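# Chains, contacts and geometry: an overview
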Amino acid sequence: MSSRLQLALNVSDLAESVAFYSKLFGAEPAKLRPGYANFAIAEPPLKLILLEHSGPGGTLNHLGVEVSDTDTVDAEQVRLAGTGLASVDERATTCCYARQDKFWVQGAPDGESWEIYTVLADSQTFYDKDHDGPECCGDDASTSAAPADPAASCC
């Protein structure tokens, strides 16, 4: 797999949104769980994440770049550090029903959250059972509106 952009959206009605995006991209979700869906779109290369949310739908949750492996995560983190961008490291973390190695880029001008990540394995849980809070996506929960449920604040 080459890199692809990730767009995570807050949606007010998951079923309605899944139906719409299935038609728009001509694809069914790669993963569908309560309050969560993700699409692995081949063309254009996009990972679309839908998070059911109690606030207004159609709002940005976070952005990301999915890469092929941990070596690429590491290389991107080094490259971005060389440009002066800080990051928050998260390795072997469970988020969005997947075990991941990733980091969060800090300092976006308008506060949007960007992650660079690779998926290590599928998970049956939204985040680690030892996780101490609902925010497994982003290093600043204030960048997203309040979720409908704890799982909705994550990718």
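This one's a predicted model, so the numbers in the text were calculated from it and none came from an experiment.

This paragraph deals with the overall build of the protein chain. A tally of helices and strands in the protein chain yields two helices and eight strands. Written out in order from the N terminus, the α and β elements of the protein chain read β-α-β-β-β-β-α-β-β-β. Classification of the 155 residues of the protein chain by burial places 43% in the buried group. Contacts spanning at least 24 positions in sequence make up 60% of the contacts within the protein chain whose residues lie at least 6 apart. When the accessible surface of the protein chain is totalled, it reaches about 7600 Å², and 54% of it is carbon and sulfur.

So, on to the nonpolar core. The tendency in soluble globular proteins is for nonpolar side chains to be buried side by side. With eleven residues, the main nonpolar core is built from L9, V11, L14, V18, Y21, A37, F39, I41, L46, L48 and L50. Elements with a contribution of two residues or more to this core: β1 (4-11), α1 (14-25), β3 (36-41) and β4 (46-52). Non-local contacts of L48, meaning those with residues more than four positions away in its chain, are made with L7, L9, Y21, F25, A37, N38 and F39. Membership of the second largest hydrophobic core comes to eight residues, among which are A8, I49, L51 and F126.

Pairing within the open sheet is mixed, and its eight strands lie in the order β2-β3-β4-β1-β5-β8-β7-β6. Here the strands that pair on one side only, and so sit at the sheet edges, are β2 (31-33) and β6 (87-95). Strand after strand, the sheet turns through a mean of 20 degrees between neighbouring axes, direction not considered. Pairing geometry for β1 and strand β5 (residues 59-66), over seven bridges, is antiparallel. By the bridge assignment, L5 is partnered in β5 with V65. Lying on the sheet, α1 is in contact with β1, β2, β3 and β4; it crosses β4 at an angle near 165 degrees. Contacts from helix α2 (residues 70-82) reach β6, β7 (98-105) and β8 (114-122) within the one sheet, and its direction differs from that of β7 by about 10 degrees.

Procedures and definitions
Residues numbered from 1 in each chain as written. Predicted model: local features only at pLDDT ≥ 70, side-chain atom pairs only at ≥ 80, totals over all residues. Heavy atoms only, no water. Helix = DSSP H or I, 4+ residues; strand = E, 2+ residues; numbered from the N terminus. Buried < 20%, exposed > 50% of the residue type's maximum accessible area, 1.4 Å probe, protein only. Contact = heavy atoms within 4.5 Å. Areas by Shrake-Rupley, 256 points an atom, 1.4 Å probe, with all protein chains shown as cover. Core = buried A, V, L, I, M, F, W, Y, C linked by side-chain atoms within 4.5 Å. Pairing = 2+ DSSP bridges. Axes fitted to C-alpha atoms, helices over the stretch in contact; angles between N-to-C directions.

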